[in-house]
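# Summary of the model geometry
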Amino acid sequence: MKPWISLTIPAKAEYIDVVRLTLSGLAAKEGFSYEEIEDMKVAVTEACSNVVLHAYNGSDFGIMEIVFEMEQDSLQIRVKDSGNSFLFEPAIIANASLHHKPLSDANVGGLGLFLMQALMDHVEVRSEMGTEVLLSKRLGRKEEMA
């Protein structure tokens, strides 16, 4: 059985720190470097912020579930809500490069998926009965000098 930790918290910004603290402790225990942990904290903050901002239209009754699951050589993080889904088109995101465009053409917000993809080894979005973001980070192996 794979070790996992699950949190169910209100979909409010003030609870995202609970997710970040849990992630920090778990990732440190599993041997991730400081830089890897910081990358994961930024990515999971983006995923949780999307829930807070978009899933429940400002309702005070929304919740999000976060599951941390340690695989043999990676940490899987799932952020799930039961609120409003959106149609996620990976091809559109992949082709929506900001290269060769002026900064004024970049939308404020909506760059969270780009950021998650840049910081994590694998990002998957499922949009069925809410939205679920799956984030994966492989444990970096450091070669020690002999």
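Scroll up to find the structure.
Below is a short write-up of the structure. Everything quoted here is computed from the prediction, not taken from an experiment. (Residues numbered from 1 in each chain as written. Predicted model: local features only at pLDDT ≥ 70, side-chain atom pairs only at ≥ 80, totals over all residues. Heavy atoms only, no water.)

Let's shift gears to the packing of helix H1 (residues 16–30) against helix H2 (residues 34–55). Axis separation between H1 and H2 bottoms out at 10 Å; the angle between their running directions is 150°. Classed by the angle they form, the pair H1 and H2 counts as roughly antiparallel. Classified by chirality, the crossing of H2 by H1 is right-handed. Residues Ile16, Val19, Arg20, Leu23, Ser24, Ala27 and Ala28 of H1 form the contact with H2, whose own contacting residues are Ile37, Met40, Lys41, Val42, Val44, Thr45, Cys48, Ser49 and Val52. Along the lines of polarity and charge, the residues of the contact of H1 with H2 split into 11 nonpolar, 3 polar and 2 charged. (Axes fitted to C-alpha atoms, helices over the stretch in contact; angles between N-to-C directions. Helix = DSSP H or I, 4+ residues; strand = E, 2+ residues; numbered from the N terminus. Parallel < 35°, antiparallel > 145°, perpendicular 65-115°, else oblique. Left-handed = near helix turned anticlockwise from the far one by under 90°. Contact = heavy atoms within 4.5 Å. Nonpolar A, V, L, I, M, F, W, Y, C, P; charged D, E, K, R; others polar.)

Attention now moves to the sheet that holds strand E5 (residues 132–138). Here we have 5 strands laid out as an open sheet, ordered E1-E2-E3-E5-E4, and antiparallel in their pairing. Looking at strand neighbours, the two that pair on one side only are strand E1 (4–10) and strand E4 (122–126), the edges of this open sheet. Here the strands of the sheet are splayed against their neighbours by 15° on average, with no regard to which way each runs. Here E4 pairs with E5 via 5 bridges, running antiparallel. Its bridge partner being in E5, His122 is matched across the sheet by Ser136. Its contacts with the sheet place H1 against E1, strand E2 (63–70) and strand E3 (74–81), and it is angled at close to 5° to E2. (Pairing = 2+ DSSP bridges.)

A few words now on the pattern of salt bridges. Under the criterion given, the structure shown has 6 salt bridges. Asp39 serves as the salt-bridge partner of Lys137, at 3.9 Å between the closest nitrogen and oxygen. Placement of the pair is Lys137 in strand E5 and Asp39 in helix H2, with a sequence separation of 98 residues. You can call Asp39 partly exposed: its relative accessible area is 27%. Measuring nitrogen to oxygen at the nearest pair gives 3.8 Å for the salt bridge that ties Arg138 to Asp121. Here Asp121 lies in the loop between helix H4 (112–119) and E4 and Arg138 lies in strand E5, a separation of 17 residues in the sequence. Taking relative accessible area as the criterion, Asp121 reaches 35% and is therefore assigned partly exposed. Within this structure, Arg78, Glu124, Arg126 and Glu132 form a network of salt bridges that share partners. (Salt bridge = Lys/Arg side-chain N within 4 Å of Asp/Glu carboxyl O. Buried < 20%, exposed > 50% of the residue type's maximum accessible area, 1.4 Å probe, protein only.)

Turning next to unusual backbone geometry. The phi angle at Met129 is positive, at roughly 50°, despite the residue not being glycine. Along the chain, the position of Met129 falls in the loop between E4 and E5.

Its 15 residues give H1 an end-to-end C-alpha distance of 21 Å, which sits within 8% of 21 Å, the value for a rise of 1.5 Å per residue. For H1, every residue scored as buried is listed here: Ile16, Val19, Leu23, Ser24, Leu26 and Ala27. Where H1 is buried, its residues contact E1, H2, E2 and E3. Downstream of H1 by one or two residues, Gly31 has phi in the positive range, about 100°. (Expected span 1.5 Å × (residues − 1).)

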